[in-house]
Amino acid sequence: MPHLCVAALTGLLLALTGCGWLGSASRRPAPLGGLANSNRNDAALSGDGRLLASLIEDNGTTRLILQEQGSGRRLALRHWRRQTPHSSPSLSWNGRYLAGLVQQGEQRRVVVEDRLNGRLLRLPLPGGGQPERLSLAPDGSRLAVQVLRKGQWQVEVLDLNGLLEPDLPGATTVLGGGVPPP
Amino acid sequence: MRVWPLLRLLLLAVALAGCMPAQLRPMLALNRRLEQAGSAREPALSGRWLAVIGGRGGREQVQLLDVERGQPVPLPGLNRPDAQPLSVGVDARGERLAVVRQLNGQTELVLYRRSLGLLQPLAIQPAGVPRRVQLRADGRQLAVEVSRNGLWQIDLITMP
């Protein structure tokens, strides 16, 4: 019986290793981009991993930055400059859409920047309330928002179909595409 | 001659529509279900999946919902009564969940594979305390906030 147990365990380990489950994960710090001594938090990766959004502490406020993950190069975010502090960034598959929370006076607002055409969408919440966190679906079809209602945290999901064009992973088509292969 | 005033009105309407804030449509049935389940926070949307940390009476756990069916799905082996989840991320297939949780006085980062019901701790190296995690939509990489030497940093962890 002990031999059977050892054999079964060995088989399980081999199977898991074959699945990559026990393979080691590799870790590296986010690209610095001249930010070595700044607090950074609330990171969001685009679905394809090309872009990284995060928050930095800068001149007494919290500001969103967007970087290419490979080179660390910072990308311009002209719409977001005067609406700090920023929070809760979220990116779509190819990084076309960048959603987050901005401060406008006393109110915290949900915004989505369409980086393809430079448009900034302000999205008022149908039920009101102050948004605390958000998450944009990678294809841009939905948005989940955490709000305080009746003294407790609630998450509401909102349908964005018709507001945003889909941002799909590479080589995915929505319509057409010719005759399917046999 | 009466065309011009109409055209002007039309142009004005189009211009105003461009300035109007976009309208969001709540997913009512799903939102009702979330509300009935108690509190919910730290949402992570990916594909047809919504992961949240929620519960009733202060006992929180990681929950995964199929947004299209409006139904929660089981996560055997992930939640335990003595752990407090802090942050969760999910991939677009709903297969991998990354969770930061407190257990036995330690804060740890774990990766859960739903089809296998298996939980794998992910080491933070150099040592640090993780806080908020986000999993890339393809599930191949995660970004996690780590407190290290008095500074918050972002670690990127690539998984096989």
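Reading the values: rules and limits
Residues numbered from 1 in each chain as written. Chains lettered and ligands numbered in written order. Predicted model: local features only at pLDDT ≥ 70, side-chain atom pairs only at ≥ 80, totals over all residues. Heavy atoms only, no water. Buried < 20%, exposed > 50% of the residue type's maximum accessible area, 1.4 Å probe, protein only. Helix = DSSP H or I, 4+ residues; strand = E, 2+ residues; numbered from the N terminus. Arc of directions from axis to C-beta. Contact = heavy atoms within 4.5 Å. Phe/Tyr/Trp six-rings, centres within 6.5 Å; stacked < 30°, edge-to-face > 60°. Lys NZ or Arg CZ within 6 Å of the ring centre and 35° of its normal. Pairing = 2+ DSSP bridges. Axes fitted to C-alpha atoms, helices over the stretch in contact; angles between N-to-C directions. Salt bridge = Lys/Arg side-chain N within 4 Å of Asp/Glu carboxyl O. Core = buried A, V, L, I, M, F, W, Y, C linked by side-chain atoms within 4.5 Å.

Caption draft 1: Representation of helix α2 (residues 28-36) of chain B in the model. Turning to α2 of chain B, its buried residues number three or more, namely Leu 30, Asn 31 and Leu 34 of chain B. For α2 of chain B, the buried positions fall inside an angular range of 95° around the axis, keeping them on one side. Exposed positions of α2 of chain B whose direction lies more than 90 degrees from the buried face are Leu 28, Ala 29 and Gln 36 of chain B. Contacts made by the buried residues of α2 of chain B are with β12 (152-159) of chain A together with β1 (25-26), β3 (49-56) and β4 (59-66) of chain B. Phi turns positive one or two residues past the end of α2 of chain B, at Gly 38 of chain B, with a value near 110°.

Caption draft 2: Molecular detail of the packing of aromatic side chains. Residue and element names in this part refer to chain B. Scanning all chains against the criterion turns up zero aromatic pairs over all chains. Lying over the aromatic face of Trp 49, Arg 48 brings its terminal NZ or CZ to 5.8 Å of the ring centre. Cation over ring: Arg 131 sits above Trp 152, and NZ or CZ is 3.9 Å from the ring centre.

Caption draft 3: Spatial organisation of the pairing of strand β7 (residues 96-103) of chain B. Residues and elements named next belong to chain B. Of all eight residues in β7, seven are buried; the element is thus mostly enclosed. Two strands pair when backbone bridges link them, and strand β6 (residues 83-90) and β7 are joined in this way by seven bridges, in the antiparallel orientation. Residue pairing across strands places Ala 83 opposite Leu 103, the latter belonging to β7. The antiparallel hairpin formed by β6 and β7 contains five residues in its connecting segment, where Gly 94 sits at a positive phi of about 70°. Two elements, β7 and strand β8 (residues 106-113), share eight bridges in a ladder whose sense is antiparallel. When the bridges of β8 are listed, Leu 103 appears paired with Gln 106.

Caption draft 4: Inspection of the environment of Ala 83 of chain B at higher detail. All names here are of chain B. By the secondary structure assignment, Ala 83 is in strand β6. For Ala 83, a relative accessible area of 10% corresponds to the buried category. Taking the C-alpha atoms as reference points, Ala 83 and Gly 105, separated by 22 residues in sequence, lie 9.4 Å from one another. The residues contacting Ala 83, other than those within four sequence positions of it, are Glu 60, Arg 101, Gln 102 and Leu 103.

Caption draft 5: Summary view of the sheet that holds strand β11 (residues 141-148) of chain B. Strand order in this open sheet of four strands is β1(A)-β12(B)-β11(B)-β10(B), and the pairing throughout is antiparallel. One side of each edge strand has no neighbouring strand; the edge strands of this open sheet are β1 (26-29) of chain A together with β10 (129-135) of chain B. Neighbour-to-neighbour, the strand axes of this sheet turn through a mean angle of 30°, independent of strand direction.

Caption draft 6: Representation of the pattern of salt bridges. Residue and element names in this part refer to chain A. Within the structure shown, the criterion is met by 22 salt bridges over all chains. Arg 96 is paired through a salt bridge with Asp 114; the nearest N and O atoms lie 2.9 Å apart. Here the residue Arg 96 occupies a position in the loop between β6 (87-91) and β7 (97-104), and Asp 114 occupies one in strand β8 (residues 107-114), the gap between them amounting to 18 residues. Across this residue pair, the class does not change: Arg 96 and Asp 114 are buried. The shortest N-O distance in the salt bridge between Arg 108 and Glu 132 comes to 3.1 Å. Residue Arg 108 is found in strand β8, and its partner Glu 132 is found in strand β10 (residues 131-136); the two are separated by 24 residues along the sequence.

Caption draft 7: Spotlight on the environment of Gly 77 of chain B. Residues and elements named next belong to chain B. Checked against the element boundaries, Gly 77 lands in the loop between β5 (71-73) and β6. For Gly 77 and Gly 117, which are 40 residues apart along the polypeptide, the C-alpha to C-alpha distance reads 6.0 Å. Those residues in contact with Gly 77, other than ones at most four positions away along the chain, are Tyr 112 and Leu 119.

Caption draft 8: Focus on the nonpolar core. Counting 17 residues, the largest nonpolar core has Leu 123 and Leu 143 of chain A as the members making the most contacts within it. Filtering out sequence-adjacent residues up to four positions away, Leu 143 of chain A remains in contact with Val 110, Leu 123, Leu 134, Ser 135, Leu 136, Glu 156, Val 157, Leu 158 and Leu 160 of chain A together with Leu 45 of chain B. Within the second largest apolar cluster, 15 residues are counted, among which are Ile 53, Leu 75, Val 99 and Tyr 112 of chain B.

Caption draft 9: Looking closely at unusual backbone geometry. Across the junction of Thr 84 of chain A and Pro 85 of chain A, the peptide omega takes the value 0°, indicating a cis bond. In this structure, Pro 85 of chain A sits in the loop between β5 (74-75) and β6. Look at the link from Gln 125 of chain B to Pro 126 of chain B: it is a cis peptide, with omega at -5°. Its place among the elements puts Pro 126 of chain B in the loop between β9 (118-122) and β10. A positive phi angle is found at Asn 59 of chain A, which is not glycine, with a value near 55°. With respect to the helices, strands and loops of the structure, Asn 59 of chain A is situated in the loop between β3 (51-58) and β4 (61-68). A relative accessible area of 75% means that Asn 59 of chain A is categorised as exposed. Here the phi dihedral of Glu 42 of chain B falls at roughly 55°; this positive angle occurs in a residue that is not glycine. When you line up the elements, Glu 42 of chain B lands in strand β2 (residues 39-46). A relative accessible area of 9% places Glu 42 of chain B in the buried class.

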